[in-house]
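A structural walkthrough
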Amino acid sequence: MGKTIRQLSEELKLSKQGINQRINSINSINGFRSKHTYKVKNHLEIDNQGVKMLANFDKQKRQPNRQAENDKDKNIDQILLKQLDVKDQQISKLQKSLDQQQQLQLATLAENRQLKNHIQELSGLLESSNSTQKRQVTKKNDNFPNNDNSSHIKDKNGVVGTDEKQKKIHKNKTNKSWWHFWK
């Protein structure tokens, strides 16, 4: 003898709607209603084999879900492995780019050092040429002692003194600057 939906819901501690949902989901898989249910007066009864199927519904439902979950896990694992491969390739490209950048930076530093050395050499040449020019100008001034541009003259004893003419020019300049009184 079978059990009604009400009896089965009390036994399994589920609502009537929960039992009907189980029946509908099992029915869609293997025709549960036609095989395991029959009508007695105005209510539906389920035979003993159907009661066992409904009682074990969670176990039956979990087994395909476990398989589906395993398949999902495998798919997720494959996706993650592909992503890891892509990330490894990206890291490799970034590492190569970083190495190239470091090499370029070292080359730039070496070139900068060479340019600094070259500049120092050129400034040394300029300084030496400036000093030779100054020497040449002083030699010219020594050769022309009566020139108006000379600032020093030698007396009979060979002592260098300032030119009297330049003293007068300097004195006149200070006298012409009247604004120094306003301080």
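Note that the structure is a prediction, hence the values are computed from the model and not measured. (Residues numbered from 1 in each chain as written. Predicted model: local features only at pLDDT ≥ 70, side-chain atom pairs only at ≥ 80, totals over all residues. Heavy atoms only, no water.)

Observations concerning the overall build of the chain
Where we set the bar: Counting from the N terminus, the helices are the DSSP runs of H or I reaching at least four residues and the strands are the DSSP runs of E reaching at least two. With a 1.4 Å probe rolled over the protein chains alone, any residue whose accessible area is under 20% of its type maximum counts as buried; one over 50% counts as exposed, and the rest are partly exposed. Two residues qualify as a contact provided that any one of their heavy atoms is within 4.5 Å of a heavy atom in the partner residue. Surface accessibility in these figures is a Shrake-Rupley result with a 1.4 Å probe; residues are shielded only by whichever protein chains are displayed.
Helix and strand content of the chain: 6 helices and 5 strands. Listing every helix and strand of the chain by position from the N terminus yields β-α-α-α-β-β-α-α-β-β-α. Counting the 183 residues in the chain, one finds 13% classified as buried. For the chain, the proportion of contacts with a sequence separation of at least 24, taken over those separated by at least 6, is 34%. Put simply, the chain shows about 16300 Å² of open surface, and 53% of that area lies on carbon and sulfur atoms.

Topic: the confidence of the model for the chain
Stated precisely, the cut-off is as follows: On a range of 0 to 100, pLDDT expresses the predictor's confidence in each residue.
Per-residue confidence for the chain gives a mean pLDDT of 76; residues scoring 70 or more make up 68%. Taken together, the stretch residues 147-154 has pLDDT below 50 and engages in 20 contacts with residues farther than four places along the chain or on a different chain.

A look at the pattern of salt bridges
Defined as follows: Salt bridge, as used here, is a side-chain nitrogen of Lys or Arg placed within 4 Å of a carboxyl oxygen of Asp or Glu.
This structure, assessed with the given rule, holds 1 salt bridge. Lys-3 is the partner of Glu-11 in a salt bridge, and the nearest nitrogen-oxygen pair spans 2.2 Å.

Here we look at the nonpolar core
Inclusion rule: Definition of nonpolar core: a set of buried residues of the types Ala, Val, Leu, Ile, Met, Phe, Trp, Tyr and Cys, connected through side-chain atoms within 4.5 Å.
The biggest cluster of nonpolar side chains holds 11 residues, and these are Ile-5, Leu-8, Ile-19, Ile-23, Ile-26, Phe-32, Ile-46, Val-51, Met-53, Leu-54 and Phe-57. Of all the secondary-structure elements, those providing two or more residues to this core are helix H1 (5-12), helix H2 (16-30) and helix H4 (48-55). Each residue touching Ile-23, except ones within four places of it in the same chain, is listed here: Ile-5, Phe-32, Arg-33, Ile-46 and Leu-54.

Focus on the sheet that holds strand E2 (residues 37-40)
Backbone-to-backbone hydrogen bonds join strands into a sheet, with any given pair of strands oriented parallel or antiparallel. We apply this condition: Pairing between strands requires that DSSP locate at least two bridges from one strand to the other.
Strand order in the open sheet made by the 3 strands is E1-E3-E2, with antiparallel pairing throughout. Two strands bound the open sheet, and with one partner strand each, they are strand E1 (3-4) and E2. The pairing of E2 with strand E3 (residues 43-46) spans 4 bridges and is antiparallel. Considered in E3, the bridge of Val-40 is made with His-43.

Describing unusual backbone geometry
Phi at Lys-13 is positive, roughly 60 degrees, even though this residue is not glycine. Mapped onto the elements of the fold, Lys-13 is located in the loop between H1 and H2. Phi at Lys-41 is positive, roughly 55 degrees, even though this residue is not glycine. The residue Lys-41 is located in the loop between E2 and E3 in this model.

Some thoughts on a negative patch on the surface
Our working rule: The patches described consist of residues with a relative accessible area above 30% and no salt bridge, like charges being joined within 9 Å and nonpolar side chains (Val, Leu, Ile, Met, Phe, Trp, Tyr) within 5 Å. Positive: Lys, Arg. Negative: Asp, Glu. His and the chain ends are not part of the count. To locate a charge, take atom NZ for lysine, CZ for arginine, CG for aspartate or CD for glutamate.
The grouping of Glu-69, Asp-71, Asp-73 and Asp-77 at the surface amounts to a negative patch. One can find Glu-69 in helix H5 (residues 57-143). Look at Glu-69 and you get partly exposed, because its relative accessible area is 48%.

Here we look at the environment of Phe-32
Its place among the elements puts Phe-32 in helix H3 (residues 32-36). Each C-alpha atom, one on Phe-32 and one on Leu-54, is 9.9 Å from the other, the two residues being 22 residues apart in sequence.

Overview of H1
Along an α-helix, residues three or four positions apart point the same way, because every turn accommodates 3.6 residues. What counts is decided by this rule: As used here, the arc is the angular range of directions from the helix axis to the C-beta atoms.
Residues of H1 that are buried include every one of Ile-5, Leu-8 and Ser-9, and no others. In a view along the axis of H1, the buried residues occupy a sector of 100 degrees, so they form one face of it. Facing away from the buried side of H1 by over 90 degrees, the exposed positions are Arg-6 and Glu-10. Just downstream of H1 lies Lys-13, where phi reads positive at about 60 degrees.

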